[in-house]
Amino acid sequence: MPSLAIVGSQWGDEGKGKIIDYLAGKADMIVRGQGGSNAGHTVVSGGKKYALHLIPSGILNRDSVNIIGNGVAFDPQGFFAELEALARDGAPMGAIFVSDRAHIVFPYHKTLDALYEKERGGEDIGTTLKGIGPCYMDKIERSGLRVCDMLDIDDFRGKLEAQIDRKNRVIERLFGEEPLDKRDITETCVEYARRIRPYVRDTAVMVYEAAKAGKKILFEGAQGALLDIDLGTYPYVTSSHPTSGGFTTGAGVGPGLVSEVLGVTKAYTTRVGKGPFVTELENEIGDKIREIGQEYGATTGRPRRCGWFDGVVARYSARVNNVTGIALTLLDVLGSFDTIEICLRYELNGEKLEHFPARLGDLAACRPVYKTLKGWNADISRVRTWEDLPEETKEYILAVEDAAGVPVKIVSVGPGREQTIVREEVF
Ligand code: GDP
Ligand code: IMO
Ligand code: MG
């Protein structure tokens with residue numbers, strides 16, 4: 001099993017950071033291929049809690065080589081801030097490199113993110129305001145600047161100034177706002193350009209050569225399948241492909257390099273930001289899950305919307321990612337419920353729906369059909385083997401497996417590395 005993709009199966013925040021950190025100890029290389037500082041991956045290591053955004057969650061393993069691939073929206077300000085915070089915390093750190101082909105997030109992308117959201121009024125997406133959408137807009141429009149552009153300082157300065165002029169025209173004429181300070185932004189970013197040089201590589205070559213040498217590569221997903229720009233609940237999605245297909249494009253290698261796909265799946269469902277959510281619990285049960293699971297965003301601090309496990313989402317996600325195994329996380333959070341529901345299917349206008357629908361109107365009208373299971377009413381956070389789990393917990397896991405159509409290979413019963421039960425080795 002030389003390579004493994006770790007994908008979020010729901011709307012993000014499934015506990016990918018924890019699972020990646022756990023598996024990174026066995027990996028030679030950890031690669032991010034999409035998203036950017038919008039991600040918030042929490043890793044608890046050596047009793048300390050780290051929130052990683054742009055930097056891969058494998059970084060806390062000293063021997064790891066971490067790659068920020070060409071598909072990532074690279075924010076130099078966030079990059080250096082994160083590195084400095086890790087160094088300040090005395091965190092053990094592996095090596096880190098950034099692709100020369102990654103697109104750069106500039107301050108004007110963040111400004112535009114906020115302005116576009118404001119313009120959407122009540123129909124805003126609830127973005128993280130990290131400039132992700134506007135950065136990818138420039139990339140697709142073919143006007144973006146890439147990390148390789150930072151390597152020639154004079155050329156970079158000229159290109160950046162032209163971009164700022166262009167964005168200021170949009171800011172002033174479209175939004176009627178004050179223009180951004182061209183000099184200030186240029187000088188700050190030129191300084192980043194000077195500092196970035198030692199980290200820049202043709203990372204696709206590094207990934208390819210590592211694979212050819214039989215090294216173990218872990219492709220780290222950010223966000224989740226239902227936030228995919230093509231496959232998610234559009235337009236309430238992010239602007240990248242947080243699905244296994246997106247990871248290899250974003251790493252600059254072919255899809256054949258991914259042999260296993262681990263779908264990190266929460267034992268219930270959460271979503272932060274707006275958009276449809278069929279199993280949402282806007283009641284005291286949802287509030288209870290939020291409080292026990294501490295469901296508040298790692299990037300924005302926003303309370304996460306909570307609901308029961310959705311088997312339709314899990315099946316959909318398994319299909320579009322070719323998921324070969326599930327890591328079921330936050331199972332300990334469900335330890336004080338008499339009964340627990342699992343959504344097996346949706347009904348739309350009294351009819352059973354075969355597949356996850358594209359239309360938001362259909363999703364809003366879908367009724368979840370639940371199976372009720374007995375809760376286990378126990379603290380399972382100290383359990384370390386499958387055999388020691390309560391029978392009701394095992395039944396719940398098997399019901400999840402059945403609903404998703406994929407075996408549960410890892411069970412997580414707490415945020416710590418050691419709070420992990422491996423049913424089947426994945427890596
Ligand atoms: P990510 O974005 O997928 O990496 O997930 P986040 O880090 O945003 O959110 C997951 C939260 O759950 C973090 O606070 C983790 O420390 C925590 N966590 C991860 N796995 C478990 C688990 O099995 N049980 C509990 N109680 N917390 C967990
Ligand atoms: P991790 O990697 C959960 C959501 C935002 C918003 C939408 C678009 O921690 O799982 P964006 O800033 O990307 O343009 O926002 O996507 N979103 C996430 N939700 N976890 C994430 O990352 C997310 N990254 C973006 O809340 O609804
Ligand atoms: Mg997160």
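Numbering of residues begins from 1 in every chain and follows the order in which that chain's sequence is written. The lettering of chains begins at A and the numbering of ligands begins at 1, in the order of writing. With the structure being a predicted model, the display of local features is reserved for residues of pLDDT at least 70 and the display and counting of side-chain atom pairs for 80 or more, all residues being used for whole-chain, interface and lining totals. With hydrogens and water set aside, each side-chain value is computed from the structure's full complement of heavy atoms.

### Section: the pattern of salt bridges
Salt bridges, as used here, are contacts in which a Lys or Arg side-chain nitrogen is within 4 Å of a carboxyl oxygen on Asp or Glu. In total, this model carries 31 salt bridges according to the counting rule given. A salt bridge links K26 to E425, with the nearest nitrogen and oxygen atoms 2.8 Å apart. Taken together, the residues span a long stretch of sequence, with K26 in the loop between α1 (16-24) and β2 (29-32) and E425 in the segment after β20 (420-422) at a distance of 399 residues. Each residue is assigned to one of three classes by its accessible area relative to the maximum for its type, calculated with a 1.4 Å probe on protein chains only: buried under 20%, partly exposed between the two thresholds, exposed over 50%. What makes K26 partly exposed here is its relative accessible area of 34%. For E425, a relative accessible area of 47% corresponds to the partly exposed category. Only DSSP runs of H or I with at least four residues qualify as helices, and only runs of E with at least two residues qualify as strands; both kinds are numbered from the N terminus onward.

### Comments concerning the packing of aromatic side chains
Only Phe, Tyr and Trp rings are paired, with Trp represented by its six-membered ring, and only when their centres lie within 6.5 Å; those with planes under 30 degrees apart are stacked, over 60 edge-to-face, the remainder tilted. Counted by the stated rule, this structure contains 13 aromatic pairs. Between the aromatic rings of F74 and F79, the centroid separation amounts to 5.1 Å while the plane-to-plane angle is 55°, which identifies the pairing as tilted. By the burial criterion, F74 is buried, and F79 matches it. Geometrically, the ring pair formed by F79 and F80 is edge-to-face, given 5.2 Å between the ring centres and 70° between the ring planes. The structure contains a cluster of three or more aromatic residues connected by ring pairs, namely F74, F79, F80, Y192 and Y199. Note on geometry: a ring has a charge over it if NZ (lysine) or CZ (arginine) is within 6 Å of the ring centre and within 35 degrees of the ring normal. A cation over a ring is seen here: K216 above F427, with NZ or CZ 4.7 Å from the ring centre. Looking at R423, its charged tip hangs above the ring of W386, at a distance of 4.1 Å from the centre.

### Quick word on the sheet that holds strand β7 (residues 95-99)
Read from one edge to the other, the open sheet built from 10 strands follows the order β9-β7-β5-β2-β10-β1-β11-β15-β19-β20, with strand pairing classed as mixed. Of all the strands in the sheet, the pair left with one neighbour each is β9 (200-201) and β20. Of the strand pairs in this sheet, strand β1 (residues 3-8) and strand β11 (residues 260-266) are connected by 5 bridges, and their pairing is parallel. In the strand pairing of β11, G8 is matched with V264. Whether two strands pair depends on DSSP finding at least two bridges between them.

### Considerations on the site of ligand 1
We call a residue near a given molecule or strand whenever any one of its heavy atoms falls within 4 Å of it. Around ligand 1, a shell composed of 17 residues is seen, among which K16, G40, T42, D332 and S412 lie nearest. Between ligand 1 and D13 there is a distance of 3.0 Å, counted from an oxygen atom to a side-chain nitrogen or oxygen. Backbone polar atom of K16 to an oxygen atom of ligand 1: 2.7 Å apart, as the coordinates give it. For ligand 1, whose unbound accessible area comes to 580 Å², protein coverage reaches 92%. Put plainly, a pocket is an open set of points on a 1 Å grid over the protein atoms alone with protein on both sides within 12 Å along at least five of seven lines, a cavity is a set where a 1.4 Å probe fits but cannot get out, and a lining residue has an atom within 4 Å of a point. Whether a molecule lies in a cavity or pocket depends on its atoms, and more than half of them have to be within 2 Å of the grid points. Taken atom by atom, the bulk of ligand 1 overlaps the second largest pocket. Elements that contribute at least two residues to the shell around ligand 1 include exactly α1 and β3 (41-45). Ranked by residues supplied to the shell around ligand 1, first place goes to α1 with 3 residues. As a working rule, the residues Ala, Val, Leu, Ile, Met, Phe, Trp, Tyr, Cys and Pro are called nonpolar, Asp, Glu, Lys and Arg charged, and the rest polar, with Gly in that last group. Looking at side-chain class alone, the shell around ligand 1 contains 4 nonpolar, 7 polar and 6 charged residues. Each domain span listed reflects an automatic or database assignment of domains. Lining the shell around ligand 1 are residues from two domains, each supplying at least three of them: domain 1 (3-99 + 200-261) and domain 3 (265-422). For the purposes of these results, a polar contact is taken to be a pair of N or O atoms within 3.5 Å, where, inside protein, one atom must be able to donate a hydrogen and its partner to accept one; residues adjacent in sequence count only when each atom of the pair is a side-chain atom. Residue burial considers only the protein chains on display, and all accessible areas are found by Shrake-Rupley using a 1.4 Å probe.

### Quick word on the nonpolar core
It is characteristic of soluble globular proteins that their nonpolar side chains tend to be buried jointly. Nine residue types can take part in a nonpolar core, namely buried Ala, Val, Leu, Ile, Met, Phe, Trp, Tyr and Cys, and a core is a set of them joined through side-chain atoms within 4.5 Å. Ranked by internal contacts, the top residues of the largest apolar core, which has 50 residues, are F219, L331 and Y396. Broken down by element, the residue count for this core peaks at 6 residues, all from helix α12 (residues 391-404). We call two residues contacting when some pair of their heavy atoms lies within 4.5 Å. When sequence neighbours within four positions are dropped, the list of residues in contact with Y396 reads A267, F309, L331, L334, I340, I342, L373 and W376. By size, the runner-up hydrophobic cluster in this structure holds 35 residues, among which are L60, I164, Y192 and A193.

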